Amino acid sequence: MRRQQLKIQLKTTDQIVKMRAAGLVVAEALEQMRQAVAPGVSTADLDAIAEKVIRDAGATPSFKGYHGYPASICSSVNEQIVHAIPSEKQVLQEGDLISIDCGAVLDGWHGDSAITVGVGEVRPELTKMAAVAEDAMWAGLAAAAQGAASGRGKLSDISYAVERAVRAGGRYGIVEGYGGHGIGTEMHQDPHVLNYGRPGRGISLTNGLCLAIEPMITLGSPKSVELSDGWTVITRDRSAAAHVEHSMALLEDGIWVLTAVDGGRERLGDLVTSRQS
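Bear in mind that the values here come from a model prediction, so they are computed numbers and not experimental data. (Residues numbered from 1 in each chain as written. Predicted model: local features only at pLDDT ≥ 70, side-chain atom pairs only at ≥ 80, totals over all residues. Heavy atoms only, no water.)

Chemist: I keep staring at the packing of aromatic side chains and nothing clicks. Help me out?
Modeler: Describing an aromatic ring pair means giving the distance of the ring centres and the angle of the ring planes. The tally for this structure, following the rule as stated, stands at one aromatic pair. Consider the rings of Tyr69 and Trp231, whose centres lie 4.9 Å apart with planes at 75°: the pair is edge-to-face. In this pair, Tyr69 sits in the loop between β1 (60-61) and β2 (73-77) while Trp231 sits in the loop between β11 (224-226) and β12 (233-235), placing the two residues 162 residues apart along the sequence. Judged on exposure class, the residue Tyr69 and its partner Trp231 are both buried. (Phe/Tyr/Trp six-rings, centres within 6.5 Å; stacked < 30°, edge-to-face > 60°. Helix = DSSP H or I, 4+ residues; strand = E, 2+ residues; numbered from the N terminus. Buried < 20%, exposed > 50% of the residue type's maximum accessible area, 1.4 Å probe, protein only.)

Chemist: What am I meant to see in the pattern of salt bridges here?
Modeler: In a structure, side chains of opposite charge can pair up when their charged atoms sit close to one another. Overall, the coordinates contain nine salt bridges when judged by the stated rule. In this structure, Glu163 engages Arg167 in a salt bridge whose closest nitrogen and oxygen atoms are separated by 3.9 Å. With a gap of four residues between them, Glu163 and Arg167 both fall in helix α4 (residues 155-169), about one helical turn apart. Arg167 gets classed as partly exposed once you look at its relative accessible area, which sits at 45%. Among the charged side chains, a network of salt bridges with common partners joins Glu51, Arg55 and Lys64. (Salt bridge = Lys/Arg side-chain N within 4 Å of Asp/Glu carboxyl O.)

Chemist: Teacher, can you tell me more about the sheet that holds β11 here?
Modeler: Within a sheet, each strand pairs with its neighbour through backbone hydrogen bonds, oriented either parallel or antiparallel. Read from one edge of the open sheet, three strands run β3-β12-β11, paired in antiparallel fashion. Every interior strand has two partners, whereas the edge strands, β3 (80-82) and β11, have only one. The mean inter-strand angle of the sheet, taken between neighbouring strand axes irrespective of direction, is 40°. Relative to β12, β3 runs antiparallel, the two sharing two bridges. Paired with Val82 across the two strands is Val233, which belongs to β12. (Pairing = 2+ DSSP bridges. Axes fitted to C-alpha atoms, helices over the stretch in contact; angles between N-to-C directions.)

Chemist: Explanation requested: the pairing of β2 in the structure shown.
Modeler: The side chains of a regular strand alternate between both faces of the sheet. Along β2, five of the five residues are buried, which leaves the element largely enclosed by surrounding structure. In this structure, β2 lies alongside strand β4 (residues 97-106), joined through five bridges in antiparallel fashion. Across the sheet, Val77 pairs through a bridge with Ile98, a residue of β4.

Chemist: In this structure, what is going on with the layout of surface pockets? I would like to understand it.
Modeler: Rolled over the atoms, a probe with the dimensions of a water molecule shows which regions are left empty. The volume enclosed by the largest pocket comes to roughly 430 Å³. The wall of the largest pocket is formed by 22 residues, among which Arg34, Ile115, Glu134, His246 and Thr259 lie closest to the centre. Sorting the residues of the lining of the largest pocket by element identifies α1 (13-36), β5 (109-118), α3 (124-150) and α5 (265-268) as the ones contributing at least two each. At five residues, α1 tops the list of elements feeding residues into the lining of the largest pocket. Taken together, the residues that form the lining of the largest pocket break down as ten nonpolar, four polar and eight charged. Considering the residues around the second largest pocket, the lining is formed by 23 residues, among which Tyr66, His83, His181, His188 and Glu214 are closest to the centre. Those elements that provide at least two residues to the lining of the second largest pocket are β7 (179-182) and β8 (189-194). Considering every element that reaches the lining of the second largest pocket, the biggest residue donor is β8, with four residues. (1 Å grid on protein atoms, 1.4 Å probe; cavity = no way out; pocket = protein on both sides within 12 Å on 5 of 7 lines; lining within 4 Å. Points joined across faces, edges and corners; volume = space filled by probe spheres on them. Nonpolar A, V, L, I, M, F, W, Y, C, P; charged D, E, K, R; others polar.)

Chemist: In this structure, what is going on with the side chain of Thr116? I would like to understand it.
Modeler: With respect to the secondary-structure elements, Thr116 resides in strand β5. For Thr116, the side chain forms a polar contact with the side chain of Ser99, separated by 2.8 Å. Separated by 2.7 Å, the side chain of Thr116 and the backbone oxygen of His243 make a polar contact. The residues contacting Thr116, other than those within four sequence positions of it, are Leu97, Ile98, Ser99, Ala130, Ala242, His243 and Val244. (Polar contact = N/O pair within 3.5 Å; in protein donor to acceptor, adjacent residues only side chain to side chain. Contact = heavy atoms within 4.5 Å.)

Chemist: Before we go on, may I ask you to explain the nonpolar core in this structure?
Modeler: One broad rule of soluble globular proteins: the nonpolar side chains tend to lie buried together. Judged by nonpolar contacts, the single largest core of 36 residues is most densely connected at Leu141, Ile217 and Ile255. Looking at this core, the element that brings in the most residues is α3, giving twelve residues. Other than its neighbours up to four places away in sequence, Ile255 contacts Leu141, Ala144, Ala145, Met248, Ala249, Leu250, Leu268, Leu271, Val272 and Thr273. Ranked by size, the runner-up nonpolar core spans 24 residues in total, among them Val41, Leu92, Ala104 and Val119. (Core = buried A, V, L, I, M, F, W, Y, C linked by side-chain atoms within 4.5 Å.)

By themselves, these observations are geometric and do not establish any function.
Okay, here's the thing in structure tokens:
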């Protein structure tokens, strides 16, 4: 059988600048939601914050209406991994862990990012898991930048770097089948970017490639189950999960983390393009 042909959309610098504008809208929405997370706040409250920030910026929520999805964010609490629908009935409690995924489209270009936030005082093992997921994401971003700079990088080098960082952080499940993706004029494009795998495989990491890197890890099994709502994905063993994400672009002189306010400079240093503002 012939392998499916991937449709890779490489972007010009001007197009990446437009994606940066969308990415900053997402960054602002996530920051306002981060500040709002507290016991007694519902996930519907967070969704309302995101929609207001996005629309006030002249953008549109990427998620709302996507294959019928009814909200502007995904708000996944505790054992929920990803794609949980916000609800007035889902009220945050002290000790919860919430992953918030948000996307916006501005001038036809998408930004997509996710954060994991503790609600009040959370168990140390949850805080550590969220930090490990964050570190793994940045390891994947660094691998993308280094691979592009060398001219020898392949897509699965990102997956390998994410997996190595997770394994170095402790005994966590890396959610099977889920991962990052290409991004641009559509929210989800080729290629799919798994959070595990052997290096040196897949497409070349090259200028103009834009990807969303998004580790999803658990305190237990990597197995997941989709609920009857057709969206919410939970851990099969009901262990807690963490999900983080940044969108990035590869340019001639480095990486641009489009959904990070500083463009990725604090975590990636000289790997970041001079256009990082």
